[in-house]
Amino acid sequence: MEVYLDNSATTACFPQVAELMTHIMCEEYGNPSSMHKKGLHAEHYIKEAKDTLARILKVQPKEIYFTSGGTESDNLALIGCVSANSRSGRHIITTRIEHPAILETCAYLEKQGIEVTYLPVDAYGGVSLDALREAIRPDTILVSVMHTNNEIGSLEPVAEIGRIIKERNPRCLFHVDAVQGFGKARIYPKKMHIDLLSVSGHKIHGPKGVGMIYIDEKVKIVPIVFGGGQQKNMRSGTENVPGIAGMALAAKLLYDRLDEEVTSLYELKKYFTEELVRIPDTQVNGYTDGRSAPHVISYSVRGVRSEVLLHALEDRGSMCLPEAPAPPTIPRHPKR
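In this text, all values refer to a predicted model and were calculated from it rather than measured experimentally. (Residues numbered from 1 in each chain as written. Predicted model: local features only at pLDDT ≥ 70, side-chain atom pairs only at ≥ 80, totals over all residues. Heavy atoms only, no water.)

Draft legend 1. Here's a closer look at the packing of aromatic side chains. What the rule picks out here adds up to 2 aromatic pairs. Ring geometry for Tyr124 and Tyr287: centres 4.2 Å apart, planes at 15°, overall stacked. Taken together, the positions of Tyr124 in the loop between β4 (115–119) and α5 (129–135) and Tyr287 in the loop between β9 (282–285) and β10 (298–301) put the pair 163 residues apart, joining distant regions of the chain. Ring geometry for Phe182 and Tyr255: centres 5.2 Å apart, planes at 50°, overall tilted. Of this pair, Phe182 sits in the loop between β6 (173–177) and β7 (196–200) while Tyr255 sits in helix α7 (residues 241–255), placing them 73 residues apart in sequence. (Phe/Tyr/Trp six-rings, centres within 6.5 Å; stacked < 30°, edge-to-face > 60°. Helix = DSSP H or I, 4+ residues; strand = E, 2+ residues; numbered from the N terminus.)

In structure tokens, the structure reads:
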């Protein structure tokens, strides 16, 4: 029997999601921009998905836009906001531990003359709030901080970060990459001072190739994809109706039983980490309690490369590959 331990990289679709997508692809395959019955049925699935995701986030459906995934959502948030607000400043802030979808976009923006400040983190992956306060300037137009670190599971204090940003510079926008956090935590952008939020479908037992971005209606932003003017000209291109419907259904299934699921995951995480540290020369990196995500465990084995360990486990029917080798400087969580 296969033991799959790479759910932070991608997840299997829920059976209900696959069934719904198959039905849409084979039966309700109309173009949502078409005016005939097939098109109207397709458009209904998109509207229903927006309503579902808006209820989960407690935002307005008109503030939900669909993309090809978390990477596109991150690109739109950063490039779109910088392009629209360049007269207000040319300085943005992020952290050193963001996903490449953010870091590579920041590198691109730096080549366009944008100044980027990279905030440090502590030994457990937590963003320095003091460094954030010092970094925010009158010409800072955007701060981007991930909700959950994909390597060691650090949970960033996004509500506190949002409060600090708005106190220091009310015009500064706050973007949160919630690709790893959505579906594992309750995230309410309005309460947390979040102006833009990125989500990916395949991390929540939905399909690959579809994502979502929440954009507060007050945010000044321009599109980065041009064409037929779909989604109020914010993201042109015929909508991926099966993917959009599947992602929304996956989100609903998760959030309908979120508390139970998260409690179960933390119990599994506690058991798994306690057993791991019994193995000689094994170290669990970062926090293992509620200060870390319930679904992410990072561990190191002294003297063993991650690729070697991966293939050794795979030979025994287990697959668990980190997206990158765990940083050796992050200490084991102190025993309690």
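Draft legend 2. Structural view of the pairing of β6. Among the 5 residues in β6, 5 count as buried, and that is most of the element. Here β6 shows no split at all, with Leu173, His175 and Asp177 on one side and Phe174 and Val176 on the other all buried. Pairing analysis gives 5 bridges linking strand β5 (residues 140–146) to β6, with the strands arranged parallel. Bridge assignment links Val143 to a residue of β6, and that residue is Phe174. Between the parallel pair β5 and β6, the chain is carried across by helix α6 (residues 158–168), and the sense of this crossover is right-handed. With 3 bridges joining them, β6 and β7 adopt parallel strand pairing. By the bridge assignment for β7, Asp177 is matched with Ser198. (Buried < 20%, exposed > 50% of the residue type's maximum accessible area, 1.4 Å probe, protein only. Pairing = 2+ DSSP bridges. Right-handed = clockwise from strand over helix to strand, strands pointing away.)

Draft legend 3. Just the sheet that holds strand β3 (residues 91–95), in detail. One open sheet accounts for 7 strands, arranged β2-β8-β7-β6-β5-β3-β4; its pairing is mixed. The outermost strands of the open sheet, each flanked by one partner alone, are β2 (64–67) and β4. Each adjacent strand pair in this sheet contributes to an overall mean axis angle of 20°, direction not counted. Sheet topology places β3 next to β4; 5 bridges connect them, and they run parallel. Residue His91 lies in a different strand from β4, and its bridge partner there is Glu115. Packed onto the sheet, α6 meets β5 and β6 and runs at close to 165° relative to β6. (Axes fitted to C-alpha atoms, helices over the stretch in contact; angles between N-to-C directions. Contact = heavy atoms within 4.5 Å.)

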